[in-house]
Amino acid sequence: MRAVLLSLALWSAAAAVPSPQSHFGHAIGADRTVLDWDRVVSYFHALAGTSNRIRVEELGKSTEGQPFLAALIADPETLQHLDRYLTIQQKLADPRKTAPAEAEKLFLQGKAVVMITCSIHADELASTHTAVEFAYRVLTEDKPRYRAILKDTILILVPSLNPDGVDIVSRWYRKTLGTPFEGTQPPELYQKYIGHDNNRDWYMFTQAETRLAVSRLHNVWHPQIVYDVHQQQPFASRIFVPPWLDPVEPNIDPIVMQETNMIGTAMAADLTTAGKTGVAIHAIYDFWTPSRHYQSFHGGLRLLTESASARLATPIEVKPEQIAKDALGYNPRERSWNYLEPWLGGTWRLRDIIDYQLIAFESCLYNAALHREELLRGFYRIGQKQVARQEPWGFLIPARQRDPGAARKLIETLRFGMVEIGKSADGSAVIPMQQPYGGWAKALLERQNYPETHLYPGGPPTRPYDVTAYTLPLLMGVDVETVKAPVAVIDEWRPPDTNRGPSLPASDSDSWVAVNRAWSEGRPVWRDPSSGDFSLAARIGWREVRRPRVGLYRSWIPNADEGWTRWIFEQFGFTYTSLHDKEIQAGGLGGAFDVIVVPDQAAAAIDSGYRSGAMPPEYTLGLGSKGAEALREFAETGGALVFLNRAAQYAIERFRLPATTVTNEKEFYSPGSLLNVHIESRHPLTYGVPPDLTVWGQQSPAWDTQLPVIARYPASGVLASGWLEGAKVIAGRASLIDAPLGAGHVVLFGMQPQYRAQSYLTFKLLFNALLLRANNQP
């Protein structure tokens, strides 16, 4: 009778929970249906209002003001005592506070905390749909696996890490529905500033969504598993699950990797058992850069699935001959140990993606429940190993720095990632390794030596999947010392007083903020023509400088580098105007702007935009000949044109500049590395930077030229951190040029000086370029 009553109670509770179809007006995953974020939010609140197995929290607001949600799902008793389980997590996260005997008891009492994060890339839209359906199912269906999940795990379900993007993609999809452009990408970034790069923000923490996820979830709950749900291109596997490819970042604990392999292969087995084909493991994706793997440096597993995409919510037909002949780690057309049942074509739709993801969600959580105690034990053991680390003892950030603002930013960034930082007697910041997240600090502070592997013995090197360097001291221009012996800590590090008076060194990042603030307030600013230092008070021999009028080219092809440039300008206080193709083609730019910046983008994309017929006509322009002539006229009449990275090739071709690009994909490959350059000559562009510095190179050009070279790669020792193929190609070649064009400048950056808001050292090169005309520099 008790069992009958319990089943009746469960049925009654389930009957009260609204179904997705009743809320959204269509079945989840129906062809050509997309979701609006406000309806997703209201649905999760409706679930919380009708079920005692879910709590919904608004953690804050997205970049554009949308609610940022997390749903906590577990059995009612667990949710009633959530504080108790949170305390257990926090005790196990720091073995310095929890003796092994107490930890043994906690292993038996705790729950495995699993966080599933969806649609960080908004065009990979299926996982938000999957989150809606999975939440409904686990709350209403009574089956053994769901009972185990509810009993032994706490699920933190984030329906989207990018709420703004959900609406950007849905609006565009509906706008183009029934047209030849149905299923295309929106002609704007699907995150206001950084688009696809929002999944590369997990150690600099620049965006609101990243900061909310880290500060309100990761750093509070310390999940044993973070499962990040993605989509990939449609012409290979139907889904990827770990194990990952080599290399594995050396500061990630082996326990993390072994448990990742365990859970990942179990997910692959469950997908195959359910009859799903096209399941790839140990392929495509490596486990290197911490920009994607925050939790794996904080004691937890980072799982990833990549499902084959449709055309957003529009089905596609994949012909057998369209299946890729090769992919990193496997052949999509052939059976192999890590791709046992190839998928060789057919119809593929949004609902198929959701079906695969539903199995993966359930499998991940069920295996977390099965291995609850082992996951908690491994989590604690990882912390024990971290606090026992002895080599090196730690790192020291000296109090005296060329760029105090960048040093403070570096320390604050480490602290946001839960790194403990003390202060020595002389005010230096001290970072001992004997702490739970010492390995995280070490990864970000040391130079990277990405291991070289080959496609086959004696063959060419395997090119990395992603960037290979992330040494923050080199990116930010901060002196950091590796310490082998203990350093006395007298206090916790606290930000120093930054009130420096009217003198503002050009080398200090904070000076640029202060200068822009003064301009905003209508106060004059002076600059030393010798050193480039600023002053807010008049000085003999110094020149008053006015605020530059900045134009920023904004292609209709969404460009994360353009978004990062906007972000940097806004953070440092520069005002700017975004310029689309037609605004540049209209000409007369010199009356409105002193400088126009063209972010990193292929020359052909700048010139021609989308290919004809790929998008509605209003988005297929490119600058064309008319835009090129307008830019030429702007420079010839005294304006400054600034081209970043690959965009420099556009300037060389369109303005017939006497510079030869020596880099090519066959002989040279820089997937994202830190490279050494030397300042060749004193120049207003180089105010505030040292004579030798490191720059970010990501398929960056280098040149042979007779034009004025501002910075050049050394004859040897080009690589500073990461991995580089073909260093000899760029050795001794130019990496920064100031080319005269009429009365103006064309500045060619063979680098990304504003790389993902990290490269504080080279920000100053870009900022100086903005002032070339405003300062009437020669």
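It should be noted that the structure appears before, not after, this text.
What you are looking at is a predicted structure, and each value in this text was computed from that prediction instead of being measured.

So, on to the layout of surface pockets. Estimates place the volume of the largest pocket at around 1,000 Å³. Lining the largest pocket are 34 residues, with H196, D197, A560, R646 and R756 sitting closest to its centre. Its residues assigned to classes, the lining of the largest pocket comprises 15 nonpolar, 10 polar and nine charged. Broken down by secondary-structure element, the contributors of at least two residues to the lining of the second largest pocket are β5 (225-232) and β10 (301-308). A class-by-class count of the residues in the lining of the second largest pocket yields 13 nonpolar, 12 polar and eight charged.

Two faces belong to every sheet, and in a regular strand the side chains alternate between them. Side chains V595 and V597 project from strand β24 (residues 595-598) onto one buried face, and the interleaved I596 and V598 project onto a second face that is buried too. Relative to β24, strand β22 (residues 550-553) runs parallel, the two being bridged by three bridges. Bridge pairing links L552 to V597 in β24. In the sheet, β24 pairs with strand β25 (residues 640-644) via four bridges, with the strands oriented parallel. Bridge pairing links V598 to F643 in β25.

This brings us to the sheet that holds strand β1 (residues 54-61). Across the sheet, eight strands lie side by side as β1-β2-β4-β3-β5-β10-β6-β8; this open sheet has mixed pairing. Taken across any chain shown, the strands that pair with only one partner, and hence form the sheet edges, are β1 and β8 (279-281). Between one strand axis and the next, the sheet turns by 20° as a mean value, whatever way the strands run. For β1 and strand β2 (residues 67-73), the ladder comprises seven bridges, and the chain directions are antiparallel. Bridge pairing in β2 links I54 to I73.

Further remarks concern the environment of P473. Structurally, P473 is set in helix α16 (residues 472-476). Sequence separation of P473 and S759 is 286 residues, and the distance between their C-alpha atoms is 9.3 Å. Apart from residues no more than four positions distant in its own chain, P473 is found in contact with L444, L445, V478 and V480.

Before going further, it helps to spend a moment on the packing of helix α5 (residues 82-93) against helix α6 (residues 100-109). α6 packs onto α5 with a crossing angle of 140° between their chain directions and a minimal axis gap of 10 Å. Of the possible angle classes, the one that applies to α5 and α6 is oblique. Regarding α5 and α6, the two cross each other, and that crossing is left-handed. Between α5 and α6, the contacting residues are R84, Y85, I88, K91 and L92 on the first element and E102, A103, L106, F107 and Q109 on the second.

Definitions and limits used
Residues numbered from 1 in each chain as written. Predicted model: local features only at pLDDT ≥ 70, side-chain atom pairs only at ≥ 80, totals over all residues. Heavy atoms only, no water. 1 Å grid on protein atoms, 1.4 Å probe; cavity = no way out; pocket = protein on both sides within 12 Å on 5 of 7 lines; lining within 4 Å. Points joined across faces, edges and corners; volume = space filled by probe spheres on them. Nonpolar A, V, L, I, M, F, W, Y, C, P; charged D, E, K, R; others polar. Helix = DSSP H or I, 4+ residues; strand = E, 2+ residues; numbered from the N terminus. Buried < 20%, exposed > 50% of the residue type's maximum accessible area, 1.4 Å probe, protein only. Pairing = 2+ DSSP bridges. Axes fitted to C-alpha atoms, helices over the stretch in contact; angles between N-to-C directions. Contact = heavy atoms within 4.5 Å. Parallel < 35°, antiparallel > 145°, perpendicular 65-115°, else oblique. Left-handed = near helix turned anticlockwise from the far one by under 90°.

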